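# Structural description and commentary
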Amino acid sequence: MKSLLAKILPASDQRAARQTLWLGAITAVQVLAGIIHVTFAARILGPEGFGILVIVIAAASLVFGIATIPGEEVITTYATRSIARGRPEEAARVLRLAFGAALGMRLLSYGLIAAGTLIAAGLLGLVNSDYVLPMLLYSVTGVLTSVSGESVAVLRLADRLQFGFAVTVASALSGAAVLLWAWSTGGGLPMVIMSSVTRTAVLGTGMALLVLLSASRAGIPGLLRSLSVKVPRDVRRFQIVSFGRSSVEALHVHADALLIAGLTSAAQVGLYRAARYVIDSTKLPVLSLSQALQVEYSRQWFGANGAGVRNMSRRFTAMVVAVAALGYGLLAIFHQPLIRILLGPEFAEASSPLLFMLPGAFVFTSIAALYVMPTATGRATPHLIAMSAAVAAQAVVIVLLAPSHGADGAAWAATIHSLVFAMTIIPFVIHILRQTYKLPPATETRR
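None of these values were measured; they are calculated from a predicted model. (Residues numbered from 1 in each chain as written. Predicted model: local features only at pLDDT ≥ 70, side-chain atom pairs only at ≥ 80, totals over all residues. Heavy atoms only, no water.)

### Regarding the packing of aromatic side chains
Evaluation of the coordinates by the stated rule reveals 9 aromatic pairs. A ring pair is formed by Phe 50 and Tyr 277, whose centres lie 6.0 Å apart and whose planes are at 75 degrees; its orientation type is edge-to-face. Taken together, the residues span a long stretch of sequence, with Phe 50 in helix α2 (residues 11–67) and Tyr 277 in helix α10 (residues 266–302) at a distance of 227 residues. With relative accessibility at 1%, the residue Phe 50 sits in the buried group. Site record: aromatic cluster; members linked through ring pairs are Phe 50, Tyr 277 and Phe 347. The positively charged end of Lys 283 is found above the aromatic ring belonging to Phe 364, 4.9 Å away from the centroid. (Phe/Tyr/Trp six-rings, centres within 6.5 Å; stacked < 30°, edge-to-face > 60°. Helix = DSSP H or I, 4+ residues; strand = E, 2+ residues; numbered from the N terminus. Buried < 20%, exposed > 50% of the residue type's maximum accessible area, 1.4 Å probe, protein only. Lys NZ or Arg CZ within 6 Å of the ring centre and 35° of its normal.)

Structure follows, in structure tokens:
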């Protein structure tokens, strides 16, 4: 693969392309696993039961999302910077901070979910006791995947994503096996959730082991030799802003289902989320590209190669726009039979929400090579501002349209979210593209 890429791509793009291919392979497996999960869950539970599953997932995931301190981007940005400056001990401290914060907050979140669910069901009567077990069981997945993103970030630095692909395949197969068991035995909601628990257990354990085996290769030896998490002030500031951003993103990903459920019904939630699962699956390949480019942007930026960042962003943006135009054009034509094939005839009404989400999906996908640039260059605030504006706009449109238009109104709200996000983040990207990072005096002397 390396020799082929060397012949057809500039040197600065080769690593990004190679990592994109492996991340794309990982994403393809995750997309397939997600499609299998949604397909079987929809057929096992039906629109009403599927809507209840979505509500359980959204409630648990919202708590995890709000309380999570994500470490993937601080690793790809600042561990990369430390390695480039010849400071492996500092890079190790960045990793320990990222992993410790992510795992600690997820464990705390599970405790809050468990306590809140049991109190609401036992003392307040706000939660039907039949859903206590599904909520507690599904919430385990949040702990099991607490450091999965951080683990992939280390594998990207080590250029060992092929091993992450193997773990992802094993994870998908284990989850599919439990789903087939549930299908054959007539299992209900708990069995469907158990498939997610099994899949995430294999994924989380496998990825954590790969980190221990790959840290030295990433240029970060002695990861476990110390417990120190002392990092530069700008790293701590980046983490704080990332915490705020992840909370806002959690509202976008999960709060819409809870809001729609309060304004309409579980069935409308099921139709809306079924369509959104399809749309979100189409975005995953370009998210892999974004993840790979973020590492390369950081390498180029902190190496004071502004021209390299600009050239790379232009090439990959042109490619993504062309692919998005073709892909979403085909989806617009074949969205109705696709819904019937994936989810069954009971979900035929999900075809119109899917169609209404296409413009927003195209816009979001088209800027996939650009919107990671602020975080890649050490600026976490622009993404927080853009995501906050987009989530606020989405919530307003849901409140205005969902009561009268149900899943269709919620779908238009999702498109508004993507449009507002793009219009807000692009000015920050343009500002960065006009600059070049200045190396610190000590680094210039060493060179």
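### Considerations on the nonpolar core
Ranked by internal contacts, the top residues of the largest apolar core, which has 49 residues, are Phe 50, Leu 53, Leu 343, Phe 347 and Leu 354. If one sorts the elements of this core by residue count, α2 sits on top with 12 residues. Those residues in contact with Phe 347 that lie beyond four places of it in its chain are Ala 42, Gly 46, Pro 47, Phe 50, Gly 270, Leu 271, Ala 274 and Ile 339. Core analysis: the next-biggest nonpolar cluster, separate from the first, contains 32 residues, Tyr 297, Ala 393, Phe 421 and Tyr 437 among them. (Core = buried A, V, L, I, M, F, W, Y, C linked by side-chain atoms within 4.5 Å. Contact = heavy atoms within 4.5 Å.)

### Describing a positive patch on the surface
Judged by side-chain charge, Lys 230, Arg 233, Arg 236 and Arg 237 come together as a positively charged surface patch. On the secondary structure map, Arg 233 appears in helix α9 (residues 233–263). We classify Arg 233 as exposed; its relative accessible area is 62%. (Patch = residues over 30% accessible without salt bridge, like charges linked within 9 Å, V, L, I, M, F, W, Y side chains within 5 Å. Areas by Shrake-Rupley, 256 points an atom, 1.4 Å probe, with all protein chains shown as cover. Salt bridge = Lys/Arg side-chain N within 4 Å of Asp/Glu carboxyl O. Lys, Arg positive; Asp, Glu negative; His and termini not counted. Charge placed at Lys NZ, Arg CZ, Asp CG, Glu CD.)

### A closer look at the pattern of salt bridges
Under the counting rule described, the total for this entry stands at 7 salt bridges. The partner of Arg 273 in a salt bridge is Asp 256, with the nearest N and O atoms 2.8 Å apart. On the criterion of sequence distance, the pair formed by Arg 273 in helix α10 and Asp 256 in helix α9 is long-range, its members being 17 residues apart. Residue classification places Arg 273 among the buried residues on the basis of a relative accessible area of 6%. Exposure remark for Asp 256: the relative accessible area of 3% places this residue in the buried category.

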